[in-house]
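Structural description and commentary
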Amino acid sequence: MTLLAQLLLAQDKFTISGHVKDASSGEGLIGATIYIEEMKGGGATNDYGFYSLTMPKGKYHIRYSYIGFESTVLTIDLNKNQVHDIEMKILESTLGEVVIKGQADNENIRSAEMGVVKMDIKEIEKIPVLFGEQDIIKTLTLMPGVSSGGEGKGGFYVRGGNTDQNLILLDEAPVYNANHLMGFFSVFNSDALKDIKLYKAGIPAQFGGRLSSVLDVHMKDGNSKKYTVSGGLGLISSRLTIEGPIVKDQGSFIISGRRTYADILLGMVDKDFSDVDLFFYDLNAKANYRIGEKDKVFISGYFGRDKLGTENFGFNWGNTTGTLRWNHIFNNRLFSNTSFIYSSYDYEINVNRSNSDFRITSGIEDYHFKQDFTLFASTNNNIKFGFDVIYHIFKPGELKSFGDTELNNIIIDKKHAFESGLYLSNEQKIGSRIMLEYGIRLSMFNEVGPGTINQYDVNGNIIDEKEYSDLELIQSYLIPEPRFSMSYVLNEQSSLKASYQRNAQYIHLLSAATSDNPTDVWMPSSSVIKPEKANQYSVGYFRNFMDNMFESSIEVYYKDMYDLVDYQDGADVLLNEHVEAELVFGNGRSYGIELLFKKRIGKFTGWVGYTLSKTEHKFDAINNGAWFSARQDRTDDISIVGMYDISNKLSVSATWIYYTGDAVTMPSGQYTIDGNVIPYYTERNGYRMPNYHRLDLGLTLKGKQTKKFQSSWNFSIYNAYARENAYSISFQESETNPEVMEAVQFSLFSIVPSVTWNFKF
Amino acid sequence: MQKILKYSWLFIFISFTLVSCEKVIDLDLNTAEPRLVIEGNITSNPGPYLVSLSTSGDYYTTHGINPVSGANIIISNELGHADTLFEFKPGIYHTSTLTGETNRTYTIVVDYNGKEYSGSETLPHKVYIDSLSYEKMEFTGPGGGGGEDKPRYSIYCTFLDPIETVDYYRFDILVNGIPMGGFRSYYYLASDQLFNGHIVQYPIRWVESQPGDTVTISLHTIGFNTWEYFRTLNDALSGGGMGSTPYNPITNLSNNALGYFGAYAIDSKNLVVGQ
């Protein structure tokens, strides 16, 4: 505290602060680096493009840099507090251009951050994808330590964690189900996105609530300079984005939408499909306005839904989020953000047949208040603190019948809980070699009434029942979560890093299937379900080559997980009031080594990533209590991504991925019951699916570019060498000898070519 | 443009549906120690009741039962009436004196190779079928057959579900006296969670028969353990290919035996289906 007072009261120090923006659109740049040559150090802009540096009186050369933009150097005489808003120009690459020295920096070497994946939206645009639908989640799974749920399975796994252990934030609002169409696509329309960051480790203390990772996605603010319309026509979907200033350089808005039209086209092709629903849509909207020099407000929202259905059956699901934010600069060293956040996910099944007419609904709803402060104490200390409170409403499910149907309604009691967190962290530089980031998060979870709470014995029988009134405390948990990471700079090109973190997770996604489903249910921690906890330890070596043109890293991690939740075998999950009695609890461990080699700039860019890892679970009630491979245990996982700009107009790209097949359960014997052959299983996940590999190719051709209009064609080939990757393996009686079973592999996609036309004016 | 989109979509649709492919693969499976399989039932119909004993075999071996002979099997009720079973065919044993009564609990004890396996189940009360009716199914979906040469019917089984009890049902279907197989190789099961206390017109869909055939519906009121077994047996029959991690059905037998010991009350009715 005395240190803090000293820092604040030091009289001969002054502050330079301001915002760093993209000169063409006025978008704030997140994570732009500010380097002060005289200090051999500096800082970076925060999530709103704001920076602040406090230094002794003097003359300084300040260099602002951001990948893909021309660096700007400012010379100042710091004798009073100064505000400098910087607008940076996009680097226009021309054919044969020599790479400008200094445009890439060694921030990755210096910062204490490790286990962090940053994605550049422009890079994502070039990577070939299924049906040409750009997808940030699919692209993230090309990085080491992040693995995909598999074709048509949705979700992603980070360092052995389950899919529900990723906190997915869109403008701070959690997105509870990030999948569209059974996981073939994600809910993120990249046209509306500005910045993507995934924390695999070293999760800053301001984030909490999930064990494995934080995917922090920021929406664009909208162009504050001029109106633009952009969009694309694809084979299965089209997109349109409109953005522009509300008042020039004062405020802006963006509206971006996307809809698939498989159903419309099917209806045109075949009349039988004319009343079939099969589509999803996304709508992102955001506006911001600057009130004076010190205040800025943002309002943003996301609405997305999948709809499937026929005449007498309907199934739809989706997320709705809303964020209202207020940035306030108390003084040029204390930055504040206040957020009100709403998020919900729900699904609905409608059946209307003559004698069964009913609707099933379920979901989760959050009201969230969050207050964050950043104190730019000095060039050596950057302190963050704040708190947040979430009110969760869980709707496990209800069935309502209509008409003259003789069906009972089933309504499973809603559950309610407060999840709160209080945090303090500091980013500290010691000398020129050591960077530390340390902090603590105190998280608390309170399940509250109303509701009837049951206790169960080991056989699932109710042994106690108690009624709770509104807001009456049912169960409370308090968990301290220390976070620590550091880097030790060996020289300008290399550093050693280490981190430790403890995370707690209070809400759990219950999934009966081995992949994510829209009908999976979120449940709170309770007297039956304990919070999940994890410790992660990691160390890494980071090395850049050739003036930071190449970066590489080796990271090793070990993670132990406690109180994981799973359904017991044969759990009765749908509309079960006593679903807690169907759960089993266990522990997990995951360890691995991740290698990344990346070329960041130049005509050719890309990376090679390799992960060698092991993830195991241990549940008393599963596999006779012995350790078994988790579904997401992938021994080897390789991604190779290459992008090459042949000319200003033409660029090509390719990705190749390979991974060890998923751990699955298969029979080790058979027997006969009632004339049917029944498989006999001995161990959990004792087998492997065949190894997966695939090559995708992409080509982007820019059309004639005028000042007013730009267009491009994007061609891609998914699974270029038509590898038959296994989606599932089942067993059936052999066609040649029905007395013997045989294994049958089912694959989804062969070669899938696609084309998308994009425009902007 | 519309035309291009239309044909492009067709192309994609084709690659989705046709290019996705199935093929038989060689897949090595482990072998496991054979385990004892017990299948026995007590019903509300008069005895004798059968119990069959066999062992599990390797997965890829030829189907067929490996009968287990020479076991000592006793079924008793809670009143102390015990019946020692008689092996009349290899691996098939029958009762002699026992008669299944509703609302009684029965226990089986199998003594084989020095190990004892046991399980209990309660024979529930009987629920009577009020009437049956049928409706020809119009839908001819992929793999669903249908059409004029292979018509399918929905049979509606109407009965009054008792309000004071939690009831579990299994519907068995005979077409001209032969158990329906083929398209559906799993059990039609229902619990009364949705319709407790109501008169239900329960639909049994996809019944494959020709006009003029006699369809027999047996309404089995099954004990809770029997319900748990068949509910999870359905998962095993569907192979667990996509949904949950596959597992062995939940049994009420001890000592790691496979199979189940079930009890049910039966009421049957016939119906002649028309056009």
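Here the structure is a predicted model, which means the values were calculated and not measured.

What to know about the overall build of chain A
Check the secondary structure of chain A and you find five helices and 51 strands. What you see for chain A is a C-alpha radius of gyration of 27 Å, in line with the 27 Å of a compact globule of 761 residues. Counting all 761 residues of chain A, 60% fall into the buried class. In chain A, the proportion of contacts linking residues at least 24 apart, taken out of those at least 6 apart, comes to 64%. When the accessible surface of chain A is totalled, it reaches about 29,800 Å², and 57% of it is carbon and sulfur.

Regarding the interface of chain A and chain B
In this complex, chain A contributes 69 residues to the contact, which on the side of chain B involves 71 residues. Both sides of the chain A and chain B interface together cover about 6,500 Å² of buried area, and 61% of this is carbon and sulfur. Applying the counting rule to chain A against chain B returns one salt bridge. The interface formed by chain A and chain B includes 18 residue pairs in polar contact (both at pLDDT 80 or more). Those elements that place two or more of their residues in the side of chain A that touches chain B are α5 (262-269), β44 (669-673), β45 (676-680), β49 (728-733), β50 (741-747) and β51 (752-760) of chain A. Here the side of chain A that touches chain B is composed, by residue class, of 41 nonpolar, 17 polar and eleven charged. Across five bridges, β50 of chain A lies against strand β1 (residues 21-25) of chain B in antiparallel orientation. Paired with Ser747 of chain A across the bridge in β1 of chain B is Cys21 of chain B.

Some details on the sheet that holds strand β2 (residues 33-36) of chain A
Residue and element names in this part refer to chain A. Ordered by their spatial adjacency, four strands build an open sheet running β3-β2-β5-β6, and the pairing between neighbours is antiparallel. The sheet is open, and its two borders are formed by β3 (41-44) and β6 (72-78), each paired with just one other strand. Neighbour-to-neighbour, the strand axes of this sheet turn through a mean angle of 25°, independent of strand direction. Bridge analysis of strand β5 (residues 58-65) against β6 gives seven bridges, and the strand direction is antiparallel. Across the sheet, the residue bridging to Lys59 is Asp77, located in β6.

So, the nonpolar core
Membership of the largest hydrophobic core comes to 45 residues, with the highest contact counts inside it found for Phe188, Leu193, Ile196, Leu215 and Trp607 of chain A. With near-sequence residues (within four places) excluded, Trp607 of chain A lies in contact with Met119, Glu123, Ile127, Leu142, Met143, Leu596, Phe597, Lys598, Ser639, Ile640, Val641 and Met643 of chain A. Ranked by size, the runner-up nonpolar core spans 26 residues in total, among them Val127, Tyr169, Ile204 and Val215 of chain B.

Examining the environment of Ile479 of chain A
Residue and element names in this part refer to chain A. Along the chain, Ile479 falls in strand β32 (residues 473-491). Placed 286 residues apart in sequence, Ile479 and Leu193 show a C-alpha to C-alpha distance of 34 Å. Once residues within four sequence positions are removed from consideration, Ile479 is found in contact with Arg441, Leu442, Ser443, Arg502, Ala504, Tyr506, Pro531 and Lys533.

A look at the packing of aromatic side chains
Residue and element names in this part refer to chain A. Inspection of every chain in the model, using the stated rule, returns 48 aromatic pairs over all chains. Where Tyr176 meets Trp522, the ring centres are 5.1 Å apart and the plane angle is 70°; that geometry is what we call edge-to-face. In this pair, Tyr176 is assigned in the loop between β13 (173-174) and β14 (179-180) and Trp522 in strand β35 (residues 521-524), connecting sequence segments 346 residues apart. Pairing Tyr558 with Tyr591 gives two aromatic rings, centres 6.0 Å apart and planes at 20°, and the pair type is stacked. Taken as a pair, Tyr558 in strand β37 (residues 550-567) and Tyr591 in strand β38 (residues 583-599) lie far apart in primary sequence, 33 residues in all. Note on Tyr558: relative accessible area 33%, which makes it partly exposed. Judged by relative accessible area, which is 34%, Tyr591 ranks as partly exposed.

Some words on the pattern of salt bridges
Residues and elements named next belong to chain A. Scanning the model with the defined rule gives 39 salt bridges over all chains in all. Where Glu37 meets Arg63, a salt bridge forms, and the shortest distance between an N and an O atom there is 3.8 Å. Within this pair, whereas Glu37 is found in the loop between β2 and β3, its partner Arg63 is found in strand β5, the two being separated by 26 residues in sequence. Put simply, Arg290 and Asp85 hold a salt bridge, and the shortest N to O gap is 3.8 Å.

Section: empty space enclosed by the protein
Once rolled over the atoms, a probe with the size of a water molecule shows which space is left empty. Residues and elements named next belong to chain A. Evaluated as defined, the whole model comprises 17 cavities of 30 Å³ or more. Computed from the structure, the largest cavity encloses a volume of approximately 400 Å³. What lines the largest cavity is a set of 31 residues, and nearest its centre among them are Lys138, Thr141, Ser148, Ile657 and Arg694. Put simply, the parts of the chain that give the lining of the largest cavity at least two residues each are α4 (136-140), β10 (146-148), β41 (636-645), β42 (650-659) and β47 (692-702). Here the residues of the lining of the largest cavity are counted per class, giving twelve nonpolar, eleven polar and eight charged. Counting contributing residues, the lining of the largest cavity receives three or more from each of domain 2 (116-211) and domain 3 (214-760).

Observations concerning the pairing of β44 of chain A
Residues and elements named next belong to chain A. The buried fraction of β44 amounts to five of the five residues, a majority that puts the element mostly inside the structure. Residues Gly669, Tyr671 and Ile673 line one face of β44 and the alternating positions Gln670 and Thr672 line the opposite face, and both faces are buried. Two elements, β44 and β45, share five bridges in a ladder whose sense is antiparallel. When the bridges of β45 are listed, Thr672 appears paired with Val677.

Focus on the pairing of strand β36 (residues 532-545) of chain A
All names here are of chain A. As paired elements, strand β33 (residues 494-505) and β36 share twelve bridges and run antiparallel to each other. Considered in β36, the bridge of Gln505 is made with Glu532. Here β36 pairs with β37 via 13 bridges, running antiparallel. Bridge assignment links Arg543 to a residue of β37, and that residue is Ser552. Taking the residues that link successive antiparallel strands as the turn, the β36-β37 hairpin has four residues, and the phi of Met546 there is positive, at about 45°.

Some thoughts on unusual backbone geometry
Going from Gly449 of chain A to Pro450 of chain A, the amide bond is cis rather than trans, its omega being 5°. Mapped onto the secondary structure, Pro450 of chain A falls in the loop between β29 (434-448) and β30 (451-456). Here the residue pair Gly47 of chain B and Pro48 of chain B is connected by a cis peptide bond, since its omega of 0° sits within 30 degrees of zero. Within the fold, Pro48 of chain B resides in the loop between β2 (36-43) and β3 (50-55). For Asn623 of chain A, which is not a glycine, the phi torsion comes out positive at approximately 55°. One non-glycine residue, Asn624 of chain A, adopts positive backbone phi at about 55°. Examined against the element boundaries, Asn624 of chain A turns out to sit in the loop between β39 (604-619) and β40 (628-629).

Section: the sheet that holds β49 of chain A
Strand order in this open sheet of three strands is β49(A)-β50(A)-β1(B), and the pairing throughout is antiparallel. For this open sheet the edge positions go to β49 of chain A together with β1 of chain B, each flanked by a neighbour on one side alone. Each neighbouring strand pair of the sheet contributes to a mean axis angle of 35°, computed without reference to strand direction.

Overview of the domain arrangement of chain A
Domain annotation for chain A reports domain 1 (11-105), domain 2 (116-211) and domain 3 (214-760). The straight-line distance from the C-alpha centre of domain 1 of chain A to that of domain 2 of chain A is 29 Å.

Conventions used here
All chains use their own residue numbering, which begins from 1 and follows the written sequence. Chain A is the first chain written and ligand 1 is the first ligand written, with later ones labelled in order. Side-chain atom pairs in this predicted model are given and counted only at pLDDT of 80 or more, local residue features only at pLDDT of at least 70, and totals for whole chains, interfaces and linings cover all residues. To get the side-chain values, all heavy atoms of the structure are used, and hydrogens and water are removed first. Every helix listed is a DSSP run of H or I at least four residues long, and every strand listed is a run of E at least two residues long, numbered separately from the N terminus. Radius of gyration here is computed from C-alpha atoms only, and the compact-globule reference equals 2.2 Å multiplied by the residue count raised to the power 0.38. Type-normalised accessible area, obtained with a 1.4 Å probe on protein chains alone, sets the label of each residue: buried when under 20%, exposed when over 50%, and partly exposed for intermediate values. The contact criterion used is simple: two residues touch if any of their non-hydrogen atoms lie within 4.5 Å. To be clear on the numbers: accessible area is Shrake-Rupley with a 1.4 Å probe, and residue cover counts the displayed protein chains and nothing else. Two parts placed together each lose some accessible area under a 1.4 Å probe, and the buried area is that loss summed for both. A pairing counts as a salt bridge when a side-chain nitrogen of Lys or Arg comes within 4 Å of a carboxyl oxygen of Asp or Glu. We call two N or O atoms a polar contact when they sit within 3.5 Å, provided that within protein one can donate a hydrogen and the other can accept it, with sequence-adjacent residues counted only if both atoms are side-chain atoms. In the scheme used here, Gly and all other residues not listed as nonpolar or charged are polar, with Ala, Val, Leu, Ile, Met, Phe, Trp, Tyr, Cys and Pro taken as nonpolar and Asp, Glu, Lys and Arg as charged. Should DSSP find at least two bridges between two strands, the strands are taken to pair. Every axis in this analysis is a line fitted to C-alpha atoms, fitted for helices over the stretch in contact. Angles between the N-to-C directions lie between 0 and 180 degrees. The criterion is simple. A nonpolar core is a set of buried Ala, Val, Leu, Ile, Met, Phe, Trp, Tyr and Cys residues joined through side-chain atoms within 4.5 Å. Any two of the Phe, Tyr and Trp rings considered here, Trp counted by its six-membered ring, make a pair once their centres fall within 6.5 Å; the pair's planes then place it as stacked at under 30 degrees, edge-to-face at over 60, or tilted in between. The distinction between a cavity and a pocket rests on a 1 Å grid over the protein atoms alone: a 1.4 Å probe fits inside a cavity but cannot get out, while a pocket stays open yet meets protein on both sides within 12 Å along at least five of seven lines, and a residue with an atom within 4 Å of a point counts as lining. Grid points are joined across faces, edges and corners, and a volume is the space filled by probe spheres set on the points. In this document the domain limits rely on a domain assignment from an automatic tool or a database.

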